[in-house]
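# Architecture and fold: a report
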Amino acid sequence: MNQKPLPEVKTFSAPYWSAAREGRFVIQRCKACGAYNFYPRPFCPQCFGLELDWLEASGEGEVLTYSVVYQAPYPSYAPDVPYILAVIKLKEGPQMMANVLNCPKEAIKVGLKVHVCFEERQGAFKVPQFTPIG
Ligand SMILES: [Zn+2]
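Residues numbered from 1 in each chain as written. Predicted model: local features only at pLDDT ≥ 70, side-chain atom pairs only at ≥ 80, totals over all residues.

### Some thoughts on the overall build of the protein chain
Helix and strand counts for the protein chain come out as one helix and eight strands. The order of α-helices and β-strands along the protein chain, N terminus first, is α-β-β-β-β-β-β-β-β. Taken over the C-alpha trace, the protein chain has a radius of gyration of 15 Å; the compact-globule value for 134 residues is 14 Å, and the two agree within 12%. With the C-alpha coordinates of the protein chain rotated into their principal frame, the extents come out at 45 × 30 × 25 Å. Taken across its 134 residues, the protein chain has 21% of its residues classed as buried. (Helix = DSSP H or I, 4+ residues; strand = E, 2+ residues; numbered from the N terminus. Rg over C-alpha atoms; globule rule 2.2 N^0.38 Å. Buried ≥ 20, exposed ≤ 12 C-beta atoms within 10 Å, placed from the backbone.)

### Quick look at the pairing of strand S7 (residues 113-121)
Successive side chains on a regular strand alternate, one facing one side of the sheet and the next facing the other. In terms of strand pairing, strand S4 (residues 60-69) meets S7 through three bridges, oriented antiparallel. Bridge assignment links Glu62 to a residue of S7, and that residue is Lys113. Where S7 folds back on strand S8 (residues 125-132), the antiparallel hairpin that results is connected by three residues, among which Gln122 adopts a positive phi of roughly 50°. (Pairing = 2+ DSSP bridges.)

### Let's talk about the sheet that holds strand S1 (residues 26-30)
The three strands are arranged S2-S1-S3 in an open sheet whose pairing can be described as antiparallel. Taken across any chain shown, the strands that pair with only one partner, and hence form the sheet edges, are strand S2 (36-37) and strand S3 (52-56). With two bridges joining them, S1 and S2 adopt antiparallel strand pairing. Pairing of Gln28 across the sheet is with Asn37, part of S2.

### A few points about the nonpolar core
Val63, Ala86, Ile88, Val100, Val114 and Phe130 are the most contacted members of the largest nonpolar core, which totals 20 residues. Counting residues per element, the ones that place at least two in this core are S1, S4, strand S5 (83-90), strand S6 (95-100) and S7. Broken down by element, the residue count for this core peaks at four residues, all from S5. The residues that make up this core include at least three from each of domain 1 (8-57) and domain 2 (58-134). In contact with Val100, not counting residues within four places along its chain, are Val63, Tyr66, Ile84, Ala86, Ile108, Val114, Phe130, Thr131 and Pro132. (Core = buried A, V, L, I, M, F, W, Y, C linked by C-beta atoms within 7 Å. Domains from an automatic or database assignment. Contact = placed C-beta atoms within 7 Å.)

### Quick word on the domain arrangement of the protein chain
By domain assignment, the protein chain separates into domain 1 (8-57) and domain 2 (58-134). The centre of domain 1, based on its C-alpha atoms, is set 20 Å off from the matching centre of domain 2. Tallying the contact residues gives nine residues for domain 1 and twelve residues for domain 2.

And the structure:
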């Protein structure tokens, strides 16, 4: 079982993690200005609006930049090295840092099309990550 650290769930991010547990990828959208936002926040970073909806996102994006990680930050990451840490530009606009799974380090490149997938942690949590399309 994957023993990687678990995210810290806050009141305002609980809907994100609940959806992920169900295999759904959601992001916030501001009711006042319509901006899509990531990561989960208690307010809109564009207009400081306090009313945010949770919308089912496409789960599609592309690699904006990446790094190949050779040094495991925790012992639980040791089986994964080298692994890919990337900034994903979501189809809806926001950027998100995540791992690109199921992708050899030779295949990662800027502009690579990716789709969300879910990494189970400690048998209880699912963390949105990405995997190459096709
Ligand atoms: Zn807003």
